[in-house]
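Coordinates in review
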Amino acid sequence: MAASRKPNFLIVLIDDLRFDELGICGHPYMKTPNIDRIGHEGAMFTRAFHTTPLCSPNRASILTGQYASRHGIIDNVARDAHSHRLPNYHVVLQKLGYETAHVGKWHMGNSGGPRPGYDRWVSFPGHGSIMNPVLNIDGEERQHPGYITDLLNAHAVEFLRKQRSKPFALFFAHKAVHPDAYQAADGTIDFKNGGYLPAPRHADLYKGSRRWRRPASSTTPSSCSSATTAISSASTGSAPSAASPTKRASSRRSWCAIQRGSKPAR
């Protein structure tokens, strides 16, 4: 296949976003117009399930196409050295003539330094910081003023707009909406730095919005009605149960209306 006909790849990963916190899934006040547009113009996968819904293993599975038992990133313990040896698909794309980039959270090990497979690298140590984060840009690490989502967006757009003769592959992994946290090498996590902070311009975006409660009716938007029990289990971090057909049907009807609660640590 000619180089001009090779497809470009853009993967956008949003950290800690619950499956039901989207306008397209019927959330009564959450504003996600760009995600909603992608869903309406493309395809929604409402029967997805991940066997290890935890930050580091999940990321490794996305980049390798392997189960955690195969790629070896089985928890959030610092595995910096091991993450350099992952069979990352960007390594393969580079060999096929692609220009590759990673922008955003890596969190397979706490080091924010470049990993193999990328021509452009913009990341940060561990979970990073929401305000004025330390960024590692192609191996140079220093603090940058600003809001982390805005900074990462700017780097991603810069890469996409670059004039090139090669096809490209960009893996864009947001920190949002994960709260600020410190994760030790043994995997223990400390949220003493506070919760999630919106950009100052969005501080009052949801002012006056009521806390979302499970509605009395089991009716849900048609776009979400085909989801399964497995999705609810994956998103809450609990194991799927051997529910009866009646319970499974109830789950399919109500998965977009699950009461908002605390998020599992990732």
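Keep in mind the model is a prediction, meaning the values are calculated, not measured.

Let us now look at the layout of surface pockets. For the second largest pocket, the calculated volume is near 220 Å³. Surrounding the second largest pocket, 14 residues form its lining, P125, H127, G128, A181 and Y182 being those nearest its centre. For the lining of the second largest pocket, the class distribution of residues is 6 nonpolar, 7 polar and 1 charged.

Moving on: the sheet that holds strand β1 (residues 9-13). The pairing of strands in a sheet comes from backbone hydrogen bonds and takes either a parallel or an antiparallel form. Ordered in space as β1-β6-β2-β3-β4-β5, the 6 strands form an open sheet in which the pairing is mixed. Across the chains shown, the open sheet's two edge strands, defined by having one partner strand only, are β1 and β5 (140-143). Taken pair by pair, the neighbouring strands of this sheet meet at an average axis angle of 10 degrees, ignoring direction. Bridge count for strand β2 (residues 99-104) against strand β3 (residues 120-123) is 3 bridges, and the pairing is parallel. The residue of β3 that forms the bridge with H102 is W121. With respect to the sheet, helix α6 (residues 148-161) is in contact with β2, β3, β4 (134-137) and β6 (168-173), its orientation differing from that of β6 by roughly 175 degrees.

Let us now look at the nonpolar core. Formed by 14 residues in total, the largest nonpolar core has its most connected members in V103, L135, L152, L170 and F172. Going through the elements one at a time, β2, β4, α6 and β6 are the ones with two or more residues in this core. At 5 residues, the largest contribution of residues to this core is made by α6. The next biggest cluster of nonpolar side chains, apart from the first, holds 10 residues, and it includes A60, L63, I73 and L86.

This part is about the environment of R210. Within the secondary structure, R210 is located in the loop between β8 (189-190) and α7 (229-236). On the accessibility criterion, R210 (72% relative accessible area) is exposed. Measuring from C-alpha to C-alpha, the distance between R210 and Y29 comes to 8.5 Å, with 181 residues separating the pair along the chain.

Take the side chain of T149 next. Its place among the elements puts T149 in helix α6. The residues contacting T149, other than those within four sequence positions of it, are H174 and A176.

Here the protein averages 81 in pLDDT, and 77% of its residues register 70 or above. Below a pLDDT of 50 lies the segment residues 214-266, which in the model reaches 97 contacts outside its immediate sequence neighbourhood of four places, other chains included.

About the cut-offs
Residues numbered from 1 in each chain as written. Predicted model: local features only at pLDDT ≥ 70, side-chain atom pairs only at ≥ 80, totals over all residues. Heavy atoms only, no water. 1 Å grid on protein atoms, 1.4 Å probe; cavity = no way out; pocket = protein on both sides within 12 Å on 5 of 7 lines; lining within 4 Å. Points joined across faces, edges and corners; volume = space filled by probe spheres on them. Nonpolar A, V, L, I, M, F, W, Y, C, P; charged D, E, K, R; others polar. Pairing = 2+ DSSP bridges. Helix = DSSP H or I, 4+ residues; strand = E, 2+ residues; numbered from the N terminus. Axes fitted to C-alpha atoms, helices over the stretch in contact; angles between N-to-C directions. Contact = heavy atoms within 4.5 Å. Core = buried A, V, L, I, M, F, W, Y, C linked by side-chain atoms within 4.5 Å. Buried < 20%, exposed > 50% of the residue type's maximum accessible area, 1.4 Å probe, protein only. pLDDT = per-residue confidence, 0-100.

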